[in-house]
Amino acid sequence: MKFWKVMKGLAACTCVLTLLMGDGHKAGRLEVYGAPSSSSVIESVTVTLTGTYGEAEEILEPSIQVNGSNCVLGDYQYGTAFDKWKPGKKVRIEITVEAEEGKVFPVSLNSSQCKVTGASFVSARALGDSKLQVKVDYMPVMVLGGTTWAGWDKTETKKATWKSVKHATGYSVTLYGDNKVVKRQTVKGTSLDMAPFMKTGDKTYYFEVKAIPTTSEEKKYLKEGIAVASTEDEYDYSENWNDNTDDGGSIRGNNYIMPDGEKARNSWKKVSGRWYYFDENGSMVKGWRYINNFWYFMSSGGAMQTGWISPTAGTWFYMNANGEMCTGWVEPVPGDWYYLDGNGYMQRGWIDVNGRRYYLDNNGKMQRGWVMIAGTWYYFNGDGSMVTNAYIDGWTIGPNGAAYQ
């Protein structure tokens, strides 16, 4: 009778019988563990993936966080090799969530119990009692690159044209007349006829083009690229090389001829709203020229350049409104800062200026706030300087600027 009562008591509870073998234990010994109570079962988990992006055409891994009572992020694996990631193509990620001691996961959780942000929920199934494998589909995020060339068509002189940008489906094109916006348009191709908008005489026209996402879906994983100005010759509406200036002279071939028939030498001349410089021989200067302690750059047609210029592939300089080459910090667009070294070259990546550290993206733009660089998070002040030895948003920032939780 007593034996029956014992067996009845065992049947009344869920138990696990484990036969223990090995050192320190006797073969045949039984231990009984009671089933976990409902309070020890983790029934709610939140997984957040934050898409980060770095330099142009660079794809970075997402930041992954797990929020929920009594569980933490374990390891994770990608279903596609990292170097094969492409914007617009989903990547399967298997994320392991680990339960704290004394807590267990149910066999599975549905999408309302396992909430996923920043990716698409696929499944959430237990790997034993203490681990949960969450499968999601993530869309990599990328900043579009800049076109390698933009200019005017050689045969249709009022037609803007540029080279395509990888992954770009559209472009934003802005036409300027005497440095004022004339027209902005979004196009799908790599050219645009500007003739309908170039109707005012005596203006110097140029345009800027940047690659952009065009649909709401593309905007989830693509960021617009840097604006690139048309290179070398801007379009001069008058196209009249013989227009007289205030001194009565005019351009003849590669020279500027004064009313008395003499060539202008070592002097600037403004013709049809554009500035030209003629050297000691009276010849029109083209390319770089050092004049009165400043560097200037003239197009292949001799016109002095302003704004961003790229004389050679991959190098950028910024010329102010007077045509003088800039060095140090410049702000071409309100709020966007760039740094040019002592030779005028636009800088990228890490730089140190006056004892402070800054980070510039592949387009040269100074970064602010949280930025992931080579897999490590950093935080930058509103003035762009890197933060050290601080605690921000739950992260500890060390003396080298690297942040960790």
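Residues numbered from 1 in each chain as written. Predicted model: local features only at pLDDT ≥ 70, side-chain atom pairs only at ≥ 80, totals over all residues. Heavy atoms only, no water.

Peer 1: Looking at this structure, how should I read the overall build of the protein chain?
Peer 2: A tally of helices and strands in the protein chain yields 1 helix and 36 strands. Out of the 405 residues in the protein chain, the part that is buried amounts to 41%. Here the analysis covers contacts within the protein chain between residues at least 6 apart in sequence; of these, 47% occur between residues at least 24 apart. When the accessible surface of the protein chain is totalled, it reaches about 22,300 Å², and 47% of it is carbon and sulfur. (Helix = DSSP H or I, 4+ residues; strand = E, 2+ residues; numbered from the N terminus. Buried < 20%, exposed > 50% of the residue type's maximum accessible area, 1.4 Å probe, protein only. Contact = heavy atoms within 4.5 Å. Areas by Shrake-Rupley, 256 points an atom, 1.4 Å probe, with all protein chains shown as cover.)

Peer 1: Just to check I follow, could you spell out the side chain of serine 267 for this structure?
Peer 2: Considering the arrangement of structural elements, one finds serine 267 in strand β22 (residues 267-271). Leaving out residues up to four positions away in the same chain, serine 267 has contacts with Tyr276, Tyr277 and Phe278.

Peer 1: Where do I start with the pattern of salt bridges in this structure?
Peer 2: Opposite charge on two side chains lets them pair, provided their charged atoms get close. Applying the stated rule across the entire model yields 8 salt bridges. The shortest N-O distance in the salt bridge between arginine 289 and glutamate 280 comes to 3.1 Å. What makes arginine 289 partly exposed here is its relative accessible area of 24%. Given a relative accessible area of 42%, glutamate 280 falls into the partly exposed group. (Salt bridge = Lys/Arg side-chain N within 4 Å of Asp/Glu carboxyl O.)

Peer 1: In this structure, what is going on with the nonpolar core? I would like to understand it.
Peer 2: Membership of the largest hydrophobic core comes to 47 residues, with the highest contact counts inside it found for Val45, Val47, Leu49, Val134, Trp162, Met194 and Phe207. Here the element with the most residues in this core is strand β6 (residues 91-99); it accounts for 5 residues. Beyond its immediate chain neighbours, meaning those up to four positions away, valine 47 contacts Ile64, Gln65, Val66, Ile95, Cys114, Lys115, Val116, Thr117 and Val134. One finds Trp308, Trp316, Tyr318 and Leu340 within the second-largest nonpolar core, a separate group that totals 9 residues. (Core = buried A, V, L, I, M, F, W, Y, C linked by side-chain atoms within 4.5 Å.)

Peer 1: Can you help me understand a positive patch on the surface in this one?
Peer 2: On the surface, a cluster of positive charge is made up of Lys84, Lys86, Lys89 and Lys166. With respect to the secondary-structure elements, lysine 84 resides in the loop between β5 (71-78) and β6. Take lysine 84: its relative accessible area is 57%, and that puts it in the exposed class. (Patch = residues over 30% accessible without salt bridge, like charges linked within 9 Å, V, L, I, M, F, W, Y side chains within 5 Å. Lys, Arg positive; Asp, Glu negative; His and termini not counted. Charge placed at Lys NZ, Arg CZ, Asp CG, Glu CD.)

Peer 1: Explain the pairing of strand β28 (residues 328-333) here, please?
Peer 2: Within a regular strand, side chains alternate between the sheet's two faces. Bridging between β28 and strand β29 (residues 336-340) involves 4 bridges; their strand directions are antiparallel. Note on β29: the bridge partner recorded for valine 333 is aspartate 336. Counting the residues between successive antiparallel strands, the hairpin from β28 to β29 contains 2 residues, one of them, glycine 335, with a positive phi of roughly 90°. (Pairing = 2+ DSSP bridges.)

Peer 1: Quick question: what am I supposed to make of the confidence of the model for the protein chain here?
Peer 2: Segments scoring low in pLDDT should not have their predicted coordinates read at a detailed level. Per-residue confidence for the protein chain averages 85 on the pLDDT scale, and 86% of its residues sit at or above 70. Low confidence marks residues 1-35, where pLDDT is under 50. Its contacts with residues over four positions away, or in another chain, come to 24 contacts. The low-confidence segment residues 234-244 (pLDDT under 50) makes 43 contacts with residues lying over four places distant or belonging to another chain. (pLDDT = per-residue confidence, 0-100.)

Peer 1: For this particular structure, what's the right way to read the packing of aromatic side chains?
Peer 2: Working definition: an aromatic ring pair is given by the centre-to-centre distance plus the angle between the planes. Scanning the entire structure with this criterion turns up 27 aromatic pairs. A ring pair is formed by tyrosine 176 and tyrosine 206, whose centres lie 4.9 Å apart and whose planes are at 10°; its orientation type is stacked. You can see tyrosine 176 sitting in strand β13 (residues 170-177) and its partner tyrosine 206 sitting in strand β16 (residues 204-212), a full 30 residues away along the chain. Judged by relative accessible area, which is 12%, tyrosine 176 ranks as buried. Classification of tyrosine 206 by relative accessible area gives buried; the value is 16%. (Phe/Tyr/Trp six-rings, centres within 6.5 Å; stacked < 30°, edge-to-face > 60°.)

Peer 1: So what exactly am I meant to see when it comes to the environment of isoleucine 226 here?
Peer 2: With respect to the secondary-structure elements, isoleucine 226 resides in the loop between β17 (222-223) and β18 (228-229). On a C-alpha basis, the gap between isoleucine 226 and lysine 365 in space is 9.1 Å, while along the polypeptide they are 139 residues apart.

Peer 1: Sorry if this is basic, but what is going on with the sheet that holds strand β7 (residues 114-117) here?
Peer 2: Strand pairing in a sheet relies on backbone hydrogen bonds, with the paired strands running either antiparallel or parallel. Strands sit in the order β4-β3-β7 across an open sheet of 3 strands; the sheet is mixed. Both outer strands of the open sheet, β4 (63-67) and β7, are each paired with one neighbouring strand and no more. Put simply, the sheet's adjacent strands are angled 15° from each other on average, direction ignored. Note that strand β3 (residues 45-50) and β4 share 5 bridges and pair antiparallel. Of the residues in β4, the one forming a bridge with threonine 50 is serine 63. (Axes fitted to C-alpha atoms, helices over the stretch in contact; angles between N-to-C directions.)

Peer 1: Would you mind going over the side chain of glutamate 324 with me for this structure?
Peer 2: Along the chain, glutamate 324 turns up in the loop between β27 (317-319) and β28. Of the side chains with opposite charge, arginine 289 comes closest to the buried, unpaired glutamate 324, at an N-O distance of 15 Å. If we ignore the near neighbours within four places in the chain, the residues touching glutamate 324 are Phe294, Trp295, Tyr296, Tyr318 and Met319.

Peer 1: Please clarify how the sheet that holds strand β34 (residues 390-392) should be interpreted in this entry.
Peer 2: Read across the sheet, 3 strands follow the order β34-β35-β36 without closing on themselves; strand pairing throughout is antiparallel. A single partner strand is all that each edge strand has here, and the edge strands are β34 and β36 (403-404). Here β34 pairs with strand β35 (residues 395-397) via 3 bridges, running antiparallel. Bridge pairing links isoleucine 392 to tryptophan 395 in β35.

Peer 1: Looking at this structure, I do not really get the pairing of strand β25 (residues 294-298). What am I missing?
Peer 2: Judged from the 5 bridges that link them, strand β24 (residues 287-291) and β25 form a sheet pairing that is antiparallel. In the strand pairing of β25, arginine 289 is matched with tyrosine 296. If you look at the hairpin formed by β24 and β25, you'll find 2 residues sitting between the two strands, and asparagine 292 has a positive phi there, around 50°.

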